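Observations on chain architecture
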Amino acid sequence: MPRRDISMSPDEIDAFLAANREAVVAATHVDGGTLATVAGYELRDGAIAARLPAGDPVLDALRADDRVCVTIEQFPSYAEIRAVMVHGRATIGSDAPLVEVVVPLGPDVVSFDFAKQALPAE
Amino acid sequence: MTDEVGADEDAFMQANSRMFLVVARGDGSPTIYPMVGLYRDGGVECSTYRKSAKVTRVLRAPQISALITAAEGSDDRRVLLVRGRAVVHSPSTMAGVAGGVNPSAKEVPAEVVARAAAAMESQKRCVIRLEPESATFLHVVRPEPEA
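Here is a short report on the structure shown in this document. Everything numeric here is computed off the predicted structure, so don't read it as measured data.

Reading guide: rules and limits
Residues numbered from 1 in each chain as written. Chains lettered and ligands numbered in written order. Predicted model: local features only at pLDDT ≥ 70, side-chain atom pairs only at ≥ 80, totals over all residues. Heavy atoms only, no water. Contact = heavy atoms within 4.5 Å. Buried area = accessible area lost by both parts, 1.4 Å probe. Salt bridge = Lys/Arg side-chain N within 4 Å of Asp/Glu carboxyl O. Polar contact = N/O pair within 3.5 Å; in protein donor to acceptor, adjacent residues only side chain to side chain. Helix = DSSP H or I, 4+ residues; strand = E, 2+ residues; numbered from the N terminus. Nonpolar A, V, L, I, M, F, W, Y, C, P; charged D, E, K, R; others polar. Buried < 20%, exposed > 50% of the residue type's maximum accessible area, 1.4 Å probe, protein only. Arc of directions from axis to C-beta. Pairing = 2+ DSSP bridges. Axes fitted to C-alpha atoms, helices over the stretch in contact; angles between N-to-C directions. Phe/Tyr/Trp six-rings, centres within 6.5 Å; stacked < 30°, edge-to-face > 60°.

**Looking at the interface of chain A and chain B**
- Taken together, the contact pairs 33 residues of chain A with 37 residues of chain B.
- Each partner contributes to the roughly 2800 Å² buried at the junction of chain A and chain B, and carbon and sulfur atoms together form 59% of this total.
- The interface formed by chain A and chain B contains 4 salt bridges.
- Scanning the region where chain A abuts chain B turns up 12 residue pairs in polar contact (both at pLDDT 80 or more).
- Put simply, the parts of the chain that give the side of chain A that touches chain B at least two residues each are β1 (22–28), β2 (34–44), β4 (67–74) and β5 (82–89) of chain A.
- Of the residues assigned to the side of chain A that touches chain B, the class counts are 17 nonpolar, 9 polar and 7 charged.

See below:
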């Protein structure tokens, strides 16, 4: 039996991103491993603009390798888990107490909405 | 608790199951998997399908990390970054784990735990275990929760 498609539509993704304020921002460490942090963000002109404190190791990692993944997740209950993962290249703002990391919403976006598992079959 | 992980960090790992697994894709770029984590013997574990992309990626690049937070709405706003090496375990090496899903995790319905256990028994699922090499509470600026 084919698995049900529980991904979000582009409109659902836009609404989900607009309704949330906190993201996980991940980068590749210079040692080859990975690292991540949590940051506030806003949706602006088709891009996620996250704000990280100056000196955050994720900023250093993104300056060395600008490939980034930003994930926004809601977990009010298991049946209501929703998440959007955005992959792209980061543009890093100038140094300030909070440094902006901007990631355009490109084609490499993955999403899921567990509530769609409970919908009747189409 | 390992020498690399302090007591507070170890206690936080034990107390919280909201986890974001951060692994490298085939081209080396990072990706994130929201998971329900299980603390066991100083490490963090999660279960998944053996044929999933995340298992392929972890086997190819085992140096990974996990970001652990308290559940949504918690007063505990700390964020723990655990970095280390991942190992993929088969069910035969995971005695005592109910399908790799934390049986005490209130977030996971009983039928999901049972289904995961059955899939584990049939070898369809496996466990990704992260052996911490470091665990650090991050300095983060988080938005205040909605009133």
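**A look at helix α1 (residues 10–19) of chain A**
Residue and element names in this part refer to chain A.
- Along α1, the residues classified as buried are I13, F16 and L17. The buried residues of α1 all sit within an arc of 95° when viewed along its axis, so they share a single face. Turned more than 90 degrees away from the buried face of α1 sit D11, A18 and A19, all of them exposed.
- Here the buried face of α1 lies against β2, β3 (47–53), β4, β5 and β8 (109–113).

**Looking at the sheet that holds strand β5 (residues 63–69) of chain B**
Residues and elements named next belong to chain B.
- Pairing is antiparallel across the open sheet formed by 7 strands, whose spatial order is β2-β1-β5-β6-β7-β4-β3. Single-partner strands in this sheet number two, and they are β2 (30–36) and β3 (38–40). Here the strands of the sheet are splayed against their neighbours by 35° on average, with no regard to which way each runs.
- Both strand β1 (residues 18–24) and β2 contribute to a ladder of 7 bridges, which runs antiparallel. From the neighbouring strand, V23 faces β2, where its bridge partner is T31.
- Its contacts with the sheet put helix α1 (residues 7–15) on β3, β4 (43–49), β5, β6 (79–89) and β7 (125–137), and the angle it makes with β7 is roughly 150°.
- Each of β1, β2, β4, β5, β6 and β7 touches helix α2 (residues 53–60); the most contacted strand, β2, lies at about 120° to it.

**As for the pairing of β5 of chain A**
- The pairing of β4 of chain A with β5 of chain A spans 8 bridges and is antiparallel. In the strand pairing of β5 of chain A, C69 of chain A is matched with H87 of chain A.

**Considering the sheet that holds strand β6 (residues 91–92) of chain A**
- Read across the open sheet, the 8 strands follow the order β6-β7-β3-β2-β1-β4-β5-β8 (chain A); overall the sheet is antiparallel. Sheet topology places β6 and β8 of chain A at the edges, where each strand pairs with a single neighbour.

**A few points about the packing of aromatic side chains**
- Overall, the coordinates contain 3 aromatic pairs over all chains when judged by the stated rule.
- Seen in terms of ring centroids, Y78 of chain A and F114 of chain A are 5.4 Å apart; in terms of plane orientation they differ by 70°. Their pairing is edge-to-face. One end of the pair, Y78 of chain A, is in the loop between β4 and β5; the other, F114 of chain A, is in the segment after β8, and 36 residues separate them in sequence. Just as Y78 of chain A is buried, F114 of chain A falls in that class too.
- With 5.3 Å between their ring centres and 80° between their planes, F12 of chain B and F137 of chain B make a pair best called edge-to-face. Placement of the pair is F12 of chain B in helix α1 and F137 of chain B in strand β7, with a sequence separation of 125 residues.
- By relative accessible area, which is 2% here, F12 of chain B ends up buried.
- Overall, the relative accessible area of 24% leaves F137 of chain B in the partly exposed class.
- An aromatic cluster of three or more residues is present, and its members are Y78, F112 and F114 of chain A.

**Comments concerning the side chain of T48 of chain B**
All names here are of chain B.
- You can see T48 is positioned in strand β4.
- T48 gets classed as buried once you look at its relative accessible area, which sits at 5%.
- Not counting residues within four places of it along the chain, the set of residues in contact with T48 comprises K54, V55, K124, R125, C126 and I128.

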